[in-house]
Amino acid sequence: MNKQNIAKESTKLVANWKALHRTFIRLEDGAARATLVKYMEQILFGLHDFLQEHVGITEEISLKALSERYKNTKISENPERKLADVITNLIRGIAPNAVNVASPYFVGHMTSAIPFFMVHLKTIVAALNQNVVKLETSKVVSIIEKQILAKVHRLIFDNSESFYNKHVQNTETTLGCFVEGGTTANLTALWVARNSLLAPRDGFGGVEKEGISAAFREYGIERAVILVSRMGHYSLRKAAGILGIGSRNIIAIDVDEKHRTDMTMLEKTISEINKDSKTGIISVVGIAGSTETGSVDPLSNIAELCAENGIHFHVDAAWGGPILMSAAYRHLLNGIKYADSVTIDGHKQFYMPMSCGMVYFKNPEIMNTVSYHAKYVNRPGSVDLGIKSLAGSREANSLILDSALKIMGTKGYALLIDHGIETAKKFAAEIIKRPFFQLVTPPELNILTYRICPSRFRTELAANIDANRKNQINKTLNAINRTVQQIQRETGNSFVSRTTLNPRNIPEEETVVLRCVVMNPMTDIKILNEILDEQEKIYKSRFKPDA
Ligand SMILES: *Cc1c(COP(=O)(O)O)cnc(C)c1O
């Protein structure tokens, strides 16, 4: 055997029992241990520095070119790479073509930088690998989960000390549960609401058991609906599909000029539905921080209306929930404590790593409408959290939230939240100052929308022009904003998102807007100004002044 052959032999990787054993039990030696520690360090400290320095938001490459690289569909029998190479490739090869959501120039979505310690906490959760579906695979973690659920419940509903003493570790009652995200939180809330409306009664086992058509027959209705404003998140439609009432039965209520549920329209819709006794209302949903504009519905008014009509009131606070920690801004969510259920996302303004959602219920017994038991897993009255959750096996996200709240305190979170709202306000003022831009929705929370609207269009729009010309200008502006946003995104230095607003639901009024979400504490007005400058520059290089 010559030298070259030997070298080749020794680098060929084969699956073998000894190596496999090592990956489960114990690292072979000190050197291997040192290597793993080095990688961990690289992940913790190197990844974001590397991205910050080398790629900004993301590397400039087309999706088509990227997908060309990933077309092999065979799983190899033997190992393809050593651990070291895999990690190096993830950091040097994959990460630059992913999205550096931690960049302060990334202000387009509800995903952002997370505090450093979150990576540590996530690592511990992975290392412990508890399964919170049941007590036998989680023990104290299930108990801590009940505690943290009670803490956040208290933040929302602010019940008495004795209420929380009674329920915090009560195995018969449930204040809420951890789920995968806002989507499954909304689904869980509406699942509970559906089962409460079409509940078991004399000789009828309830919708959960008997199915939707039997339930409709029993209750003498032909359809069931959920009411939410036009700004409602599309997860509500998914929920309606899954719950068997049909996604078209999410009834969209018009919004006012601030993109909040129009109360007159909501009242009118409810009273019309009540006249026709063939329709049941599962829930009215109020939004606390809409995904597109950050607007907050008049929660107290909706609560009152729901109470009068005996309707389940759900609040989708996936985004806005954590505002409750800010002494300066929590009043914006006034009325949330009258909700029957509330959705909050952990991976949004609790700054947790992907993914963590939560749903909370005012009535600690209402989740009994969705309880299930499996003989081998859990018995009635046990602490097993899987009894009343959509998910089966799941990770111990409660440990992350609990630890984060201990590290930050509500005041720490308030600093982040206040910074976001106040920076968004400064940004709005800056947009108003610049004749090239037009503020479309001012920030109620930390989200605002605006558009490029060169001054000659603005002058014309302000003048008394006919509807035709107005629509024509609107169309032109829509095209301009689409193009500029796309170029900015593809260039990869900064990112704002784009959406289409249409509060009055009139096709000609569809307005393409740029959407900015300020949640990264490193994002400041200077950076936001740079982003505006870049947009102005892109426009000028791309469009002739008279375009
Ligand atoms: C983000 C969001 C959702 C969906 O949450 P996911 O975690 O993405 O499933 C639902 N409603 C609102 C208002 C949201 O902002």
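The shown structure was predicted, so the numbers you read here are calculated from the model rather than taken from an experiment.

**A few points about the site of the ligand**
Around the ligand sit 15 residues in total, of which G182, T183, D316, D345 and K348 are the nearest. Side-chain polar atom of D316 to a nitrogen atom of the ligand: 2.6 Å apart, as the coordinates give it. A total of 390 Å² of accessible area belongs to the ligand in isolation, and the protein chains cover 86% of it. Considering only residue class, the shell around the ligand consists of 3 nonpolar, 9 polar and 3 charged.

**A few points about the sheet that holds strand β10 (residues 497-501)**
Taken in spatial order, the 4 strands make up an open sheet running β8-β9-β11-β10, and their pairing is antiparallel. With one partner strand each, in any of the chains shown, β8 (437-441) and β10 form the two edges of the open sheet. Along the sheet, successive strands turn relative to each other by an average axial angle of 40°, direction set aside. Running at roughly 15° to strand β9 (residues 447-452), helix α15 (residues 397-433) makes contact with β8, β9 and β11 (511-517) of the sheet. Seen against the sheet, helix α17 (residues 467-491) touches β9, β10 and β11 and runs at an angle of roughly 110° to β9.

**Digging into the packing of helix α7 (residues 140-157) against α15**
Packing of α7 against α15 leaves a shortest axis separation of 9 Å and a crossing angle of 55°. Of the possible angle classes, the one that applies to α7 and α15 is oblique. As α7 packs across α15, the resulting crossing turns out to be left-handed. Packed against α7, whose contacting residues are V141, I144, E145, I148, K151 and V152, the element α15 presents S398, L399, L401, D402 and L405 at the interface. Here the residues of the contact of α7 with α15 are counted per class, giving 7 nonpolar, 1 polar and 3 charged.

**A few points about the side chain of S398**
Here S398 lies in helix α15. If near-sequence neighbours (up to four positions away) are discounted, S398 is found in contact with V141, E145, I148 and F178.

**Side note on the environment of G409**
Note on placement: G409 falls in helix α15. The partly exposed category is assigned to G409, whose relative accessible area is 24%. Linking G409 and G108, residues 301 residues apart in sequence, is a C-alpha distance of 27 Å.

**Description of the domain arrangement of the protein**
Taken as a whole, the protein is organised into domain 1 (3-99), domain 2 (131-395) and domain 3 (410-542). Here the C-alpha centre of domain 3 lies 33 Å away from the C-alpha centre of domain 2. Carbon and sulfur atoms supply 62% of the area that domain 2 and domain 3 bury against each other, a total of about 2,300 Å² over both sides. Ranking the residues of domain 2 by area buried against domain 3 places E292, Y329 and Y351 at the top, with a combined share of 27%. Across the contact surface, domain 2 and domain 3 share 0 salt bridges. Taken together, the connections running from domain 2 to domain 3 amount to 10 residue pairs in polar contact (both at pLDDT 80 or more). When grouped by side-chain class, the residues that make up the side of domain 2 that touches domain 3 number 12 nonpolar, 10 polar and 5 charged.

**Overview of the pairing of strand β2 (residues 223-229)**
Summarising burial for β2: 6 of the 7 residues are buried, a large majority. As paired elements, β2 and strand β4 (residues 279-287) share 6 bridges and run parallel to each other. Pairing of V225 across the sheet is with I281, part of β4. Sheet analysis places β2 next to strand β3 (residues 250-253), joined by 4 bridges and oriented parallel. Pairing of S229 across the sheet is with I253, part of β3.

**Focus: the sheet that holds β3**
The strand order β1-β7-β6-β5-β4-β2-β3 describes an open sheet built from 7 strands, whose pairing is mixed. The two strands at the open ends of the sheet, each matched to only one other strand, are β1 (176-179) and β3. The sheet shows a mean angle of 20° between the axes of neighbouring strands, direction not considered.

**Examining the pattern of salt bridges**
Applying the stated rule across the entire model yields 20 salt bridges. As a salt-bridge pair, K71 and E68 come within 3.1 Å of each other at their nearest N and O atoms. On the accessibility criterion, E68 (46% relative accessible area) is partly exposed. The partner of R434 in a salt bridge is D533, with the nearest N and O atoms 2.9 Å apart. Taken as a pair, R434 in the loop between α15 and β8 and D533 in helix α18 (residues 525-542) lie far apart in primary sequence, 99 residues in all.

**Description of the pairing of β10**
Two faces, one strand: in a regular strand the side chains alternate between the faces of the sheet. On β10, burial follows the alternation: S497, T499 and L501 on one face are buried, whereas R498 and T500 on the facing-out side are not. Where β10 lies against β11, 5 bridges are found, and the strand directions are antiparallel. Residue pairing in the sheet places T500 in a bridge with V512 of β11.

**Some remarks on the environment of Y105**
Among the secondary structure elements, Y105 is positioned in the loop between α5 (83-94) and α6 (117-128). A residue is classified by how much of its surface remains accessible, and Y105, at 23% relative accessible area, is partly exposed. Spatially, the C-alpha atoms of Y105 and G492 are 9.6 Å apart, while their sequence positions differ by 387 residues. With residues up to four places along the chain from it excluded, the contact list for Y105 reads I57, N493, S494, F495, I527, E530 and I531.

**Side note on α7**
Counted at 1.5 Å a residue, the expected span for α7 with its 18 residues is 26 Å, and the 25 Å between its end C-alpha atoms agrees. For α7, the complete set of buried residues consists of V141, S142, E145, K146, I148, L149, A150, V152, H153, I156 and F157. Of the surrounding secondary structure, the elements contacted by the buried residues of α7 are α8 (161-167), β1, β6 (341-345), β7 (357-361) and α15.

**So, a nonpolar patch on the surface**
Together, M40, I43, I114 and V119 give the surface a local cluster of nonpolar side chains, amounting to about 250 Å² of exposed area. The topology assignment puts M40 in helix α3 (residues 30-54).

Calculation notes
Residues numbered from 1 in each chain as written. Predicted model: local features only at pLDDT ≥ 70, side-chain atom pairs only at ≥ 80, totals over all residues. Heavy atoms only, no water. Near = heavy atom within 4 Å. Polar contact = N/O pair within 3.5 Å; in protein donor to acceptor, adjacent residues only side chain to side chain. Areas by Shrake-Rupley, 256 points an atom, 1.4 Å probe, with all protein chains shown as cover. Nonpolar A, V, L, I, M, F, W, Y, C, P; charged D, E, K, R; others polar. Pairing = 2+ DSSP bridges. Helix = DSSP H or I, 4+ residues; strand = E, 2+ residues; numbered from the N terminus. Axes fitted to C-alpha atoms, helices over the stretch in contact; angles between N-to-C directions. Contact = heavy atoms within 4.5 Å. Parallel < 35°, antiparallel > 145°, perpendicular 65-115°, else oblique. Left-handed = near helix turned anticlockwise from the far one by under 90°. Buried < 20%, exposed > 50% of the residue type's maximum accessible area, 1.4 Å probe, protein only. Domains from an automatic or database assignment. Buried area = accessible area lost by both parts, 1.4 Å probe. Salt bridge = Lys/Arg side-chain N within 4 Å of Asp/Glu carboxyl O. Expected span 1.5 Å × (residues − 1). Patch = residues over 30% accessible without salt bridge, like charges linked within 9 Å, V, L, I, M, F, W, Y side chains within 5 Å.

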